[in-house]
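Here is what each chain is made of, one letter per residue.
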Amino acid sequence: MFAGALDKRPQGGPRWLDDLRNRGAARFAALGIPTVRDEEWRFTNVSPIGAIDFTPAGQISGTAERLNGFAYTDAPVRLVVVNGRFDTTLSRLKGLPPGVHAGSLGDALKDYADIVQRYFGQLADVQTRSFTALNTAFVQDGAFIHVPDGVTVEAPIHVVFVTGSDDGHVMAHPRTLVVAGAGSQVTVIESYVGGAGETYFSNAVSEVFVGENAGVDHYKVQQESLDAFHVGALHAHTSRSARFSSHSFALGGRIARNDASAILDGEGGECTLNGLYLADRERLIDNHTTIDHAKPHCGSHEVYKGILGGRSRAVFNGKIIVRQDAQKTDAKQTNRALLLTDGATINTKPQLEIFADDVKCTHGAAIGQLDDEAIFYLRARGMTYAEARDMLIHAFAGQVLDGVAVEPLRTALEAELFDQLAKDLAEADGAGK
Amino acid sequence: MLDIRNLQVRADDKDILKGIDLHVNAGEVHAIMGPNGSGKSTLARALSGHPEYAVTGGEVTFEGKDLLAMDPDERAREGVFMAFQYPVEIAGVNNANFLKAALNAKRKHNGQPELDAYEFISLVKEKSKLLEIDDSMLKRAVNEGFSGGEKKRNEIFQLALLEPRLAILDETDSGLDIDALKLVSAGVNAMRSPDRAFIVVTHYQRLLAYIVPDYVHVLSGGKIVKSGGKELALELEAKGYGWIDAA
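Residues numbered from 1 in each chain as written. Chains lettered and ligands numbered in written order. Predicted model: local features only at pLDDT ≥ 70, side-chain atom pairs only at ≥ 80, totals over all residues.

Each helix and strand counted, chain B has nine helices and twelve strands in total. Looking at the 247 residues of chain B, the share that counts as buried comes to 45%. The long-range fraction of contacts in chain B, counting pairs at least 24 apart against all pairs at least 6 apart in sequence, stands at 73%. (Helix = DSSP H or I, 4+ residues; strand = E, 2+ residues; numbered from the N terminus. Buried ≥ 20, exposed ≤ 12 C-beta atoms within 10 Å, placed from the backbone. Contact = placed C-beta atoms within 7 Å.)

Tallying secondary structure elements over chain A gives nine helices and 21 strands in all. By the compact-globule yardstick of 22 Å for 433 residues, chain A fits well, its C-alpha radius of gyration being 21 Å. Projected onto its principal axes, the C-alpha positions of chain A cover 70 × 55 × 45 Å. Within chain A, the proportion of its 433 residues that are buried is 54%. (Rg over C-alpha atoms; globule rule 2.2 N^0.38 Å.)

Moving on: the sheet that holds strand E3 (residues 29-33) of chain B. Residue and element names in this part refer to chain B. Ordered by their spatial adjacency, six strands build an open sheet running E6-E9-E10-E3-E11-E12, and the pairing between neighbours is mixed. Two strands in the sheet have a free side with no partner beyond their single neighbour: strand E6 (80-83) and strand E12 (223-228). Across the sheet, the mean angle from the axis of one strand to that of its neighbour is 20°, orientation sign disregarded. Two strands pair when backbone bridges link them, and E3 and strand E10 (residues 197-201) are joined in this way by four bridges, in the parallel orientation. Considered in E10, the bridge of Val-29 is made with Phe-198. Contacts from helix H1 (residues 40-48) reach E3, E6, strand E9 (166-170), E10 and strand E11 (215-220), with the element oriented near 140° to E9. (Pairing = 2+ DSSP bridges. Axes fitted to C-alpha atoms, helices over the stretch in contact; angles between N-to-C directions.)

Pairing between the strands of a sheet comes from backbone hydrogen bonds, and it takes one of two forms, parallel or antiparallel. Residues and elements named next belong to chain A. Here we have ten strands laid out as an open sheet, ordered E3-E2-E6-E9-E11-E13-E15-E17-E19-E21, and mixed in their pairing. The open sheet has two free edges, formed respectively by strand E3 (85-92) and strand E21 (360-368), since each of these has just one partner strand. Each strand axis lies, on average, 10° off the axis of its neighbour in the sheet, ignoring direction. Of the strands in this sheet, strand E15 (270-279), strand E17 (299-308) and strand E19 (330-339) touch helix H8 (residues 385-401), which is tilted by about 150° from E17.

For Ser239(A), the position within the fold is in the loop between strand E12 (229-238) and strand E13 (243-250). For Ser239(A), the contacting residues outside a window of four places in its chain are Val210(A), Gly211(A), Glu212(A), Asp265(A) and Gly266(A).

Before going further, it helps to examine H1(B). Residue and element names in this part refer to chain B. For H1, a buried count of nine out of nine residues is recorded, marking the element as mostly surrounded by other parts of the structure. Regarding H1, the residues found buried are Lys-40, Ser-41, Thr-42, Leu-43, Ala-44, Arg-45, Ala-46, Leu-47 and Ser-48. After H1 finishes, the residue Gly-49 shows a positive phi value of roughly 90°.

On to unusual backbone geometry. All names here are of chain B. For Asp-12, which is not a glycine, the phi torsion comes out positive at approximately 55°. Here Asp-12 lies in the loop between strand E1 (2-11) and strand E2 (14-24). In the Ramachandran plot, Asp-13 falls in the positive-phi region, its phi being about 60° despite a non-glycine side chain. Turning to its location among the elements, Asp-13 is positioned in the loop between E1 and E2. Asp-13 gets classed as exposed once you count the C-beta atoms within 10 Å, which come to 6.

Turning next to the interface of chain B and chain A. For interface size, the figure often reported is the accessible area lost on association. With 19 residues of chain B at the contact, the number on the chain A side is 15 residues. At the level of secondary structure, the elements contributing two or more residues to the side of chain B that touches chain A comprise helix H2 (72-78), strand E7 (90-94) and helix H3 (95-109) of chain B. Classifying every residue of the side of chain B that touches chain A by side-chain character gives twelve nonpolar, four polar and three charged. (Nonpolar A, V, L, I, M, F, W, Y, C, P; charged D, E, K, R; others polar.)

This brings us to the pairing of E17(A). The side chains of a regular strand alternate, first on one face of the sheet and then on the other. Residue and element names in this part refer to chain A. With seven of ten residues buried, E17 lies mostly within the body of the structure. In this sheet, E17 lies alongside E15 in parallel orientation, the contact comprising ten bridges. Looking at the pairing, Asn-274 lines up with Val-303 of E17. Inspection of the sheet shows E17 paired to E19 by ten bridges, in the parallel sense. Considered in E19, the bridge of Ser-300 is made with Ala-331.

So, about the packing of helix H2 (residues 15-31) of chain A against helix H6 (residues 130-137) of chain A. All names here are of chain A. In contact at an axis separation of 7 Å, H2 and H6 are set at 140° when each is read in the N-to-C sense. Relative to H6, the crossing made by H2 is left-handed. Residues Leu-20, Arg-21, Gly-24, Ala-25, Arg-27, Phe-28 and Leu-31 of H2 form the contact with H6, whose own contacting residues are Ser-130, Ala-133, Leu-134, Thr-136 and Ala-137. (Left-handed = near helix turned anticlockwise from the far one by under 90°.)

Moving on: the pairing of E1(B). Residues and elements named next belong to chain B. Bridge count for E1 against strand E4 (residues 54-62) is seven bridges, and the pairing is antiparallel. Across the sheet, residue Leu-2 finds its bridge partner in E4, namely Phe-62. Relative to E2, E1 is paired through eight bridges, and the arrangement is antiparallel. Its bridge partner lying in E2, Ile-4 is registered against Leu-22. Here E1 folds back onto E2, and the loop between the two strands holds two residues, one of which, Asp-12, carries a positive phi near 55°.

Structural data, given as structure tokens:
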């Protein structure tokens, strides 16, 4: 699979990186693209990705225009990565506090060699994860953010990954490394975008290290082309008393798989994993989350919500591991899905692996349709069917949207969500009231 | 204002209303009484357009328009309001936002400009006193976690804000203690006017001591079997419903 492409993978840079790329390539060759026989991919058939002869993405035209029309891509601090390559012209790096570095991962391999070597690839496992192996085989550039100890970065840093081509089917392997020093604070937004109607494959890997008593708020906004394939893995590691929050919004992609994993590896850590996804047509959105409570006195909160229309499918798998030492763990997981049509389906599974005895772990799943009585109540107060339905969908999504602390991002996401919903619901309106 | 002729309604595969005739003029208060299962609430819900109540015969005109041809939301915007027997809890929808959306839906329909935040708050302040609606009830989700009394007060509060032409109260008194009943009744009485009509559906005479009707109709077996003035309610209270069915 992708054998021709693998031969054209980048080379050079530090020796350790070349070794890692070779390992990634070898592991991908051995593992191949996962099949539904693999437990982690049981409900997500990614064979359509293997069926297309994707070639490594190169230079493309009109990149500035390709940023238009997506949520908050006009952020004041912006890193733009096009087809995996950092774009200096489109990136805006002014206004960051002294000592804070945000820029090209390729450059950082030289300028921040020690830090990159210490952290890169420590969380993203090439041994067992085939798409991570594939991403690693192609590592050359991407985004690198480093916040020194004790520094607070007020402005959110928005990394926009653009994938596309002028012709042909391409694949890109976006890569992000975030290292937040002790007592630091930073907000990172990762957006994944592509041209409407383009069929491409975006295979992203991000690693986030949250130092002692530091805080990182991470947002992922997946707005790939509705004909594209997206596989993304986010890995976070927290030290003592660190706080990490992840807010994932999956709006695009024909098949989109999102893995969010956090290891709470220091006492007193706090982790939030929230997600909102929207699937319509025949699209498939798969969210796999893992929270690994490795140390005592950590808390984790997880809310994933999905809105499904058309004949779409969704998968949610929420794994919580509580290690033997992780006493006084407090973990809460909620996952809910709203099915707008009879044709939409979801497979949902909480997965708790608890090896400590003094812990509090709760999980709940609810799948349902819009409440007819609530719709009637709103209509009896003068709202049209469409207004009533939008109000209820808004309320459903609100719990996750309200957690977005970056106000312009929240506003943009709300607009995107309802813009996309409106198109699908217009069809549904014809069918029933 | 409202003309109901030979109205027949089916719900749950059963014929419930079997030919109702009722004429309501502006300014009048009509009480609909009757034993359980007589079809009182069915009448209220059918008039508001609930999708589970199918009209199988008859006509209803409201201000000269065919009410039955309208969607529930159209009826509401035209000025028909039903206070629910069981107000619905709507998680995640802030009560104040809900009230504002309802008000603006109607204003838009009437060709009035939508209220801005300041105008809305002023109006809410003015109308909330009588019904003792406090800030917390506005900030919470619609009816969520409200006590029975709070839910009914919230219904009448909506009535006061929306100023309908016709208000239908569906067993608004059920489950209320005497203090809440007085509060709700005072809210309703404050809304009585020569331009507005009320249909008050109730099982008990108790409510009618506070909301004094002009006419009382007794429903039994899906038909109005007796109509009279407010004294009919007292007669029912004294004798029960048994004598109606026997008659």
